[in-house]
Amino acid sequence: MWEHVLPALASSFSISILLTILIGTIAGIIVGALPGLGTVLGLVMAIPFTIPMDGPMAIALLLSIYVSSIYGGSIAAILINVPGTPQSAASVFDGYPMAQRGDGALALGYATIASFVGGIFSLVVLVFAAPMLARVSLEFGPIETFALLLFALMTVAWVSGKELLKGIIAALIGIFLAMIGTDDMSGYSRFDFGNLFLSAGLTIIPLLIGFFAISEILFQAGTLKDVGAPSVKGGGFKVAPWTEWRRRIGVLLRSCTIGSFIGVLPGTGATAAVFVSYADAKRRAPNPEDFGKGEPSGLIASESANNSVSGGAMVPMLSLGIPGDGSTAVMMGALTLHAVIPGVRLFKDQPDLVTLIFVLLGIANIFMLVIGAFGANVFSRLLKLPITLLMPLVLLMSLVGTFAIRSNPIDLIVALVFGVIGLLARLNRFPPAPIIIGFVLGKQLEFTFRQGLVFTDGNVLGFFQSPIAAVLFGLTGLIVLNLLGLGKLVRRVLKK
Amino acid sequence: MNNMRTWSADVLYGLAIAAVATALFIHTFSDRYEFNPLIESVSTVFFPRIILGGIIACSLGLMIKGLQNSSEGDRLPSVNLTRAVLVLGASAATAAGLWYVGYFYVMPVGIFLTGWALGYPNKLILAATAIVATIVVWVALGHFAAVTFPTEFRLELPVSNK
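A. The arrangement of the overall build of chain B in detail. In terms of regular secondary structure, chain B is built from five helices and zero strands. Its helices and strands taken in sequence order, chain B reads α-α-α-α-α from the N to the C terminus. Out of the 162 residues in chain B, the part that is buried amounts to 40%.

As structure tokens, this is what we get:
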């Protein structure tokens, strides 16, 4: 890998790539800052722009939007008490009180630098962890891969929290949707009901656009209370003195570690990381009573954790082809448009591309820091745009984006149908990420299962003969027991 | 959906999902998926049946959970159905218009209608935004991204035979 660093640096510092990263960073911060949009929507809307791009440029655009949109959410959180993205939910606790007392610029300074450090920290984790995981997974045959995918999907459902049954249903529905169309192993067309379009299967982009973008528009339409522009408190950018940062280094590094670790777990995402990190920072702080009243450590914990998820979530995506969260699921869908198939083969066959991804992620973080610092005032003003003016623009980009993929009007119908389904799911708190991750992994899950059956002559119990698979099945079983509420019973029996 | 409690929504959703999954499960036993064990090790619908069975089981579980929690539960967010339907209608009309009428004719109208349905008060700014956004996106995608949009009428208009 290291032999590819210099060529990767050389190609990254081309005018076209740097310009792409610049545009992606600005777009990402805007998308992150404006409540109601968010990282996934930003990535989804960027997809049509990547169509005529080559692989590296498309990756540069997507990565810069990914990284900067997570940071962008802190701007709204600090200035208008509304997180721009779910990943910045904990930033309101201390960011907004800081803005209220006139320290908005200082808060933005803390958020920007913490986000940058989090991003770079997770990049280091990615650089070392992803190749290691890819090497380990080279030992994986179809049975081990099946066990891993099953474990990943169960984890995704598990982190749905109180709605874990809905998380499982969502993941299963996602897997089923992937099976519509031609069965790659037998050539049969399944669940097409005589429709030629369905026989080709559903494609991920209209699904993503419908489920995230159009459903968001419909959700806003149905639940919007206040159509006016929000009141913005302050803005600007100010760096706190080194003495203030020095006494918060521990918080910063711990939060980065928490974010990176949680990011690696499939399906978890930045939202879980920020709350865990915030709670940890508060618990360890000498002044926990100041948290929630404008304590910078709270803001640092939140913002460093959410950006450190970015690299962590890319570890399973790049090395195993398993998306770490909804955003990486979208990125995987976009990358496949450019014949970049994340997974173990990527490291083996295209190590130069993997190194380029690492370099681009680093550059994207640097751009985020610089643009965030210099553009803070401008981005603050954008918060005055009302959601009722933004949503029609999101609709424009959604429909155009859906159509641009294949110029097929059927994709528009699919996007609208899944927009309605997405709305119904949101209203009753069905989590969206498991559906998408289930869809992304569904075909591979079936393929590895059936290949495994061929290897074991149709004997399912033969799957447990592989030690790696047995361990993964065991972990999956523990999650299922926990989901069924039997975890406590098992612990009691074991104690006896 | 307004005033509906979570538990009754769980029962309703569970029922609907179970019904659809059951119908699809039954469909997997139709003649078109005939399985020949001499040629294939497993039927093409073997794995889908497992998944559909899981969906049915979990949906029934959701219904049972809903009924068990019938004495408690939050309300679902109250939804302005009229506005949601209007926006859906505007979106669907815009999507249809994009194909049959053409990008330039339909997009500004679609953006305007969506913004109006959402309640944006200033119609002049809305109209200006609709027009500017349509042009900007066409330039950005059409010129720089080489994406082509339908720009002509595809509707069959009646022709006079005079």
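Still to come is the rest of the account.
B. Spotlight on the interface of chain A and chain B. Contacts between chain A and chain B engage 62 residues on the former and 68 residues on the latter. For the chain A and chain B pair, buried surface summed over both sides reaches about 5500 Å², with 78% attributable to carbon and sulfur atoms. At the boundary of chain A and chain B, one finds two salt bridges. A salt bridge links B:Asp10 to A:Lys166; the shortest N-O distance between them is 2.9 Å. For the pair chain A and chain B, the number of links is 11 residue pairs in polar contact (both at pLDDT 80 or more).

C. Local environment of the side chain of B:Ser59. Among the secondary structure elements, B:Ser59 is positioned in helix α2 (residues 46–68). What B:Ser59 contacts, discounting residues up to four positions off in sequence, is A:Ile169, B:Gly14, B:Ile17 and B:Ala18.

D. Structural view of the packing of aromatic side chains. Across all of its chains, the model carries 19 aromatic pairs over all chains by this definition. The interplanar angle of 65° and the centroid separation of 4.8 Å between the aromatic rings of A:Phe176 and A:Phe191 together place this pair among those described as edge-to-face. Note that A:Phe176 is positioned in helix α8 (residues 164–178) and A:Phe191 in the loop between β2 (189–190) and α9 (196–199), a separation of 15 residues in sequence. A:Phe191 shares its class with A:Phe176; the two are buried. A cation over a ring is seen here: A:Arg426 above A:Phe219, with NZ or CZ 5.5 Å from the ring centre. Over the face of the ring belonging to B:Phe29 we find B:Arg49, whose NZ or CZ atom lies 4.0 Å from the ring centre.

E. Geometry of the packing of α8(A) against helix α21 (residues 432–455) of chain A. Residue and element names in this part refer to chain A. It is at 6 Å that the axes of α8 and α21 come closest, and there the two elements cross at 45°. One element, α8, and the other, α21, form an angle in the oblique class. Here α8 runs over α21; the crossing is right-handed. Judged by residue contacts, Gly167, Ala170, Ala171, Gly174, Ile175, Leu177 and Ala178 of α8 engage Pro434, Ile435, Gly438, Phe439, Gly442, Lys443 and Leu445 from α21.

F. Molecular detail of α21(A). When the terminal C-alpha atoms of α21(A) are compared, their 34 Å separation across 24 residues agrees well with the 34 Å that a helix rising 1.5 Å per residue should span. Once α21(A) finishes, A:Asp457 follows within two positions and takes phi at roughly 55°, a positive value.

G. Structural detail: the pattern of salt bridges. A complete count under the given rule lists 13 salt bridges over all chains for this structure. Linking B:Arg32 and A:Asp192 is a salt bridge whose minimum nitrogen-to-oxygen distance equals 2.7 Å. With B:Arg32 in the loop between α1 (6–27) and α2 and A:Asp192 in the loop between β2 and α9, the pair connects residues from two separate chains. In the salt-bridge network here, residues are joined through shared partners; they are A:Asp183, A:Arg190, A:Glu446 and A:Arg450.

H. Structural view of the environment of B:Pro108. All names here are of chain B. Position of Pro108 among the secondary structure elements: in helix α4 (residues 103–118). Residue Pro108 is classed as buried on the basis of its relative accessible area, which comes to 18%. Apart from the residues lying within four places of it in its own chain, the contact partners of Pro108 are Tyr103, Ala130, Ile131 and Thr134.

I. Geometry of unusual backbone geometry. Residues and elements named next belong to chain A. Phi at Phe191 takes a positive value of approximately 55°, unusual for a residue other than glycine. The exposure class assigned to Phe191 is buried, which follows from its relative accessible area of 1%. Its identity is not glycine, yet Ala339 carries a phi of approximately 60°, on the positive side. By the element assignment, Ala339 lies in the loop between α15 (326–337) and α16 (344–349).

J. View of the side chain of B:Thr28. The topology assignment puts B:Thr28 in the loop between α1 and α2. Owing to a relative accessible area of 0%, B:Thr28 belongs among the buried residues under this scheme.

K. Representation of the nonpolar core in the model. Residues A:Ile75, A:Leu126, A:Phe176, A:Leu202, A:Met314 and A:Leu318 are the most contacted members of the largest nonpolar core, which totals 196 residues. Take this core: its biggest share by element is 17 residues, from helix α4 (residues 55–80) of chain A. Two domains each put at least three residues into this core: domain 1 (6–68) and domain 2 (81–144) of chain B. In contact with A:Met314, other than residues within four places in its own chain, are A:Leu63, A:Tyr66, A:Leu126, A:Thr328, A:Met331, A:Ile357 and A:Leu361.

How each quantity is defined
- Residues numbered from 1 in each chain as written.
- Chains lettered and ligands numbered in written order.
- Predicted model: local features only at pLDDT ≥ 70, side-chain atom pairs only at ≥ 80, totals over all residues.
- Heavy atoms only, no water.
- Helix = DSSP H or I, 4+ residues; strand = E, 2+ residues; numbered from the N terminus.
- Buried < 20%, exposed > 50% of the residue type's maximum accessible area, 1.4 Å probe, protein only.
- Contact = heavy atoms within 4.5 Å.
- Buried area = accessible area lost by both parts, 1.4 Å probe.
- Salt bridge = Lys/Arg side-chain N within 4 Å of Asp/Glu carboxyl O.
- Polar contact = N/O pair within 3.5 Å; in protein donor to acceptor, adjacent residues only side chain to side chain.
- Phe/Tyr/Trp six-rings, centres within 6.5 Å; stacked < 30°, edge-to-face > 60°.
- Lys NZ or Arg CZ within 6 Å of the ring centre and 35° of its normal.
- Axes fitted to C-alpha atoms, helices over the stretch in contact; angles between N-to-C directions.
- Parallel < 35°, antiparallel > 145°, perpendicular 65-115°, else oblique.
- Left-handed = near helix turned anticlockwise from the far one by under 90°.
- Expected span 1.5 Å × (residues − 1).
- Core = buried A, V, L, I, M, F, W, Y, C linked by side-chain atoms within 4.5 Å.
- Domains from an automatic or database assignment.

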